[in-house]
Amino acid sequence: AGFNDAPVVVIVSVLASSAFGEGPWWRIPILIVVEIVAGAAIGVAIGYFAKWSLPRLALPAVGLYPIAALAFLALAFGAADIMHVSGFMAVYLAAVIIGSADEIPHRRSIIGFADGLAWIAEIGLFIMLAVAWCGHWAGAY
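Predicted model, so just to flag it, every value in this text is computed and none were measured.

Let us look at the side chain of glutamate 35. Looking at where glutamate 35 falls in the secondary structure, it is placed in helix H2 (residues 27-53). A residue is classified by how much of its surface remains accessible, and glutamate 35, at 18% relative accessible area, is buried. In this view, glutamate 35 contacts Val10, His84, Val85 and Ser86; residues no more than four positions away in its chain are not counted.

Right under this line is the structure:
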């Protein structure tokens, strides 16, 4: 389900930009493919780098391993953003590679931390949607 988010974000960004319609039509599909493929390459590279380096880190506390995994994901997004490619694709693929690695120390705490963050994000999203919906209806009367 997460694999379709990155292309949609790229397509919406291109269509909403002021540059849409200025150049030839064939440039848009090429731009979309380049952004997704380059984001995927960055995500795979950082994901495998994290998979290799996390077992070699000697962090002083168990609670720092989820933070280190999150830092690698922030690195994936930041590197993709600097290159002006899809950060969502980079983070998605890096997270899949890190999450599927069996030899990462304290893997259960990393997955538990990520699960907790996912629940907080989902709750926040529904609160935002509820506030927007209530604001829409309050403005109608």
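This is not the end of the story, as more comes after the structure.
The next thing to look at is the nonpolar core. One finds Ile42, Leu54, Ile98 and Ile104 to be the most contacted residues of the largest nonpolar core, which totals 18 residues. Of all elements in the fold, only H2, helix H3 (64-82) and helix H4 (87-100) reach the threshold of two or more residues within this core. For this core, the leading source of residues is H3, giving 7 residues. When residues no more than four places from it in sequence are discounted, the contact partners of isoleucine 98 are Gly47, Ala50, Leu54, Ala69, Phe72, Leu73 and Ile104.

Overall, the predicted model of the chain reaches an average pLDDT of 87, with 89% of residues at or above 70. The least confident element of the chain is helix H1 (residues 5-16), whose mean pLDDT is 73; the most confident is H3, at 96.

Let us now look at unusual backbone geometry. Backbone geometry at histidine 84 places phi at a positive 60°, although glycine is not the residue there. Non-glycine residue histidine 106 carries a positive phi angle of around 55°. Classification of histidine 106 by relative accessible area gives partly exposed; the value is 35%.

H4 packs onto H2 with a crossing angle of 30° between their chain directions and a minimal axis gap of 7 Å. The angle between H2 and H4 places the two elements in the roughly parallel class. Where H2 crosses over H4, the two elements pack in a sense that is right-handed. Contacts between H2 and H4 involve Ile36, Gly39, Ala40, Ile42, Gly43, Val44, Gly47, Tyr48, Ala50 and Lys51 on the former and, on the latter, Met89, Ala90, Leu93, Ala94, Ile97 and Ile98.

On to the environment of leucine 93. Inspection of the secondary structure puts leucine 93 in helix H4. The buried category is assigned to leucine 93, whose relative accessible area is 17%. Sequence separation between leucine 93 and isoleucine 42 is 51 residues, and the spatial gap between their C-alpha atoms is 8.8 Å.

The rules behind these values
- Residues numbered from 1 in each chain as written.
- Predicted model: local features only at pLDDT ≥ 70, side-chain atom pairs only at ≥ 80, totals over all residues.
- Heavy atoms only, no water.
- Helix = DSSP H or I, 4+ residues; strand = E, 2+ residues; numbered from the N terminus.
- Buried < 20%, exposed > 50% of the residue type's maximum accessible area, 1.4 Å probe, protein only.
- Contact = heavy atoms within 4.5 Å.
- Core = buried A, V, L, I, M, F, W, Y, C linked by side-chain atoms within 4.5 Å.
- pLDDT = per-residue confidence, 0-100.
- Axes fitted to C-alpha atoms, helices over the stretch in contact; angles between N-to-C directions.
- Parallel < 35°, antiparallel > 145°, perpendicular 65-115°, else oblique.
- Left-handed = near helix turned anticlockwise from the far one by under 90°.

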